[in-house]
Amino acid sequence: MGLTSRPLLYAMIALSAACVGLTVWLWPRFAGRGPRAVLGRLGVIAATQLAIVAALGLVVNTNFQFYASWHELLGLYDGAPAAVGKWGDEGAAGPAGDPTKGLVQPSGPEGLDKVHGLPTGPPEKNGKVETVRIVGKRTRVVDPAYVYLPPQYFQKQYARQRFPVVVALSGYPGGIFLLGQHLRLPETAAKLVRNGTLQPTVIVMLRPTIAPPRDTQCVDVPGGPQAETFFAQDVPEALKSHYRVGHDPGAWGLLGYSSGGSCALQLAMRHPRTYTAAAALSPDYKVSNDPTTGNLFGDGKDRGKRREEHDLMWRLAHLPSPDVNVLIGTSRSGEKNYPAARAFLAAVRPPMKADSIVLDHGSHNFATWRRELPAALQWMSRTLVFPEEVVGKS
């Protein structure tokens with residue numbers, strides 16, 4: 001049974017209940033003071049607690065999709081392509097990591113069947129969300145994605161029109177399911193497009209963790225996963241080859257929460273010729289090594305330079321400001337990152353521009369990010385340029 005399967009969850013809940021019942025029934029037998037009685041009591045307590053903790057862990061993981069498979073949970077993936085090679089539709093779209101089969105390949109549900117609030121009915125009236133796998137031409141990384149296509153994408157009068165695109169990144173260790181179900185990104189975008197406060201936009205939802213369970217922080221790791229290359233080069237190339245999206249950087253933006261927001265800032269500031277806007281909700285402003293990342297910067301002579309260049313405050317102080325627009329979401333109380341957000345916003349210099357969403361109170365959770373999301377999408381709509389080019393012209 002799969003890690004996120006309902007049968008496994010129900011079986012573990014039933015096992016937990018059985019363990020509780022057996023503990024109550026067997027307890028009188030272990031009422032003595034001898035070694036066997038003491039070991040019996042310890043055994044039934046340990047078994048019952050282990051079953052209950054496992055059941056609770058499965059409930060949380062099924063709801064939030066932190067780990068999509070046993071391989072992810074156990075850390076059995078060695079390289080980025082292998083990490084995602086077993087996802088999707090069991091190879092129906094071609095071998096994982098093979099760009100000759102297409103840079104955007106059909107995929108299985110990837111949890112989309114569990115997401116509520118998705119557009120339904122005719123796509124030309126309500127839009128559509130589809131699941132695909134994006135294959136990196138350079139990195140051969142394969143990452144599952146949800147793609148929101150607005151109603152206009154399917155309407156005859158827009159048949160040759162290209163659209164602006166937002167690449168949305170989840171946090172760590174969560175996946176694209178969280179963007180759909182808990183951030184409610186497709187549902188919110190559809191409502192805003194319907195009421196005219198968001199221009200028709202293609203939104204591509206991705207997981208920045210390309211080599212789970214390792215947190216690669218959108219960094220090209222020396223001798224390891226090339227996450228930055230994947231998101232800065234492979235993803236735009238793949239999307240342009242498959243969807244009617246703008247080719248000019250002015251039509252491209254990034255959005256993310258938590259570590260996904262950190263990635264959005266890093267990618268926009270380091271690659272302003274690819275992405276010209278980034279909306280970051282509760283981000284960090286530097287990349288650091290920790291137990292989830294491992295050594296991101298290598299052991300070579302340039303490791304210090306690499307570390308500095310992934311510190312956004314250092315970049316603002318020592319490098320020319322990139323010509324990008326950024327939006328920072330934070331809270332005056334309840335979030336630890338408010339002082340860092342103030343320092344970052346104060347350090348921004350032209351031609352870079354910065355705006356902010358500052359809540360009086362918020363926490364590092366989806367309730368806060370859902371409050372910020374409509375304003376972030378509307379800011380993105382005002383910032384991105386609706387492409388003038390049409391299909392057939394570059």
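Now for a look at the structure at hand. Being a predicted model, the structure only gives us computed values, none of them experimental.

Looking only at helices and strands, one finds 13 helices and nine strands in the chain. Within the chain, the proportion of its 394 residues that are buried is 54%. Contacts spanning at least 24 positions in sequence make up 73% of the contacts within the chain whose residues lie at least 6 apart. Taken as a whole, the chain presents about 17,900 Å² of accessible surface, with 57% of it coming from carbon and sulfur.

Within strand 2 (residues 128–135), seven of the eight residues are buried, leaving the element largely enclosed by the surrounding structure. Two elements, strand 1 (residues 104–106) and strand 2, share three bridges in a ladder whose sense is antiparallel. If you follow glutamine 105 over to strand 2, its bridge partner there is arginine 133. Sheet analysis places strand 2 next to strand 3 (residues 142–149), joined by eight bridges and oriented antiparallel. Opposite valine 135, over in strand 3, you have valine 142 as the bridge partner.

We now examine the side chain of glutamine 161. Tracing the backbone shows glutamine 161 in the loop between strand 3 and strand 4 (165–169). Here proline 387 takes part through its backbone oxygen, which lies 2.9 Å from a polar atom of the side chain of glutamine 161. Setting aside chain neighbours within four positions, we find glutamine 161 in contact with Arg244, Phe386, Pro387, Glu389 and Val390.

Among the surface-exposed residues, Val20, Val24, Ile52 and Leu56 lie close enough to one another that they form a single nonpolar patch of about 350 Å² accessible area. Listed by contribution, the elements that provide at least two residues to the nonpolar patch are helix 1 (6–26) and helix 2 (35–64). Here isoleucine 52 lies in helix 2. Note on isoleucine 52: relative accessible area 34%, which makes it partly exposed.

Next up on the list: the state of the cysteines. Two cysteines joined by a covalent bond between their sulfur atoms form a disulfide. Counted under the stated rule, the structure contains one disulfide. Shown here is the disulfide that connects cysteine 218 with cysteine 263, its sulfur atoms set 2.2 Å apart. Between cysteine 218 and cysteine 263, the S-S torsion sits near 105 degrees, and that sign places the bridge as right-handed. Linking cysteine 218 in the loop between strand 5 (202–206) and helix 8 (227–242) with cysteine 263 in helix 9 (residues 259–270), this pair joins segments that are 45 residues apart in sequence.

Moving on: the pattern of salt bridges. On inspection of all chains with the given rule, the structure shows nine salt bridges. Taking the shortest distance from any N to any O, the salt bridge between lysine 128 and glutamate 130 comes out at 3.9 Å. Looking at lysine 128, the relative accessible area reads 35%, which means it is partly exposed. Taking relative accessible area as the criterion, glutamate 130 reaches 19% and is therefore assigned buried. For lysine 137, the salt bridge identified is with glutamate 237, shortest N-O distance 3.4 Å. With lysine 137 in the loop between strand 2 and strand 3 and glutamate 237 in helix 8, this pair connects stretches of sequence that are 100 residues apart.

Attention now goes to helix 12 (residues 338–347). Among the residues of helix 12, those classed as buried are Tyr338, Ala341 and Phe344. Taken down its axis, helix 12 places every buried residue within 120 degrees of arc, on the same side. Set apart from the buried face of helix 12 by more than 90 degrees, the exposed residues are Pro339, Arg342 and Ala346. Looking at the packing, one finds that the buried side of helix 12 touches helix 9, helix 11 (312–318), strand 8 (325–333) and strand 9 (353–361).

Summarising burial for strand 5: five of the five residues are buried, a large majority. Judged from the four bridges that link them, strand 3 and strand 5 form a sheet pairing that is antiparallel. From the neighbouring strand, valine 147 faces strand 5, where its bridge partner is valine 204.

Rules used throughout
- Residues numbered from 1 in each chain as written.
- Predicted model: local features only at pLDDT ≥ 70, side-chain atom pairs only at ≥ 80, totals over all residues.
- Heavy atoms only, no water.
- Helix = DSSP H or I, 4+ residues; strand = E, 2+ residues; numbered from the N terminus.
- Buried < 20%, exposed > 50% of the residue type's maximum accessible area, 1.4 Å probe, protein only.
- Contact = heavy atoms within 4.5 Å.
- Areas by Shrake-Rupley, 256 points an atom, 1.4 Å probe, with all protein chains shown as cover.
- Pairing = 2+ DSSP bridges.
- Polar contact = N/O pair within 3.5 Å; in protein donor to acceptor, adjacent residues only side chain to side chain.
- Patch = residues over 30% accessible without salt bridge, like charges linked within 9 Å, V, L, I, M, F, W, Y side chains within 5 Å.
- Salt bridge = Lys/Arg side-chain N within 4 Å of Asp/Glu carboxyl O.
- Disulfide = S-S within 2.5 Å.
- Arc of directions from axis to C-beta.

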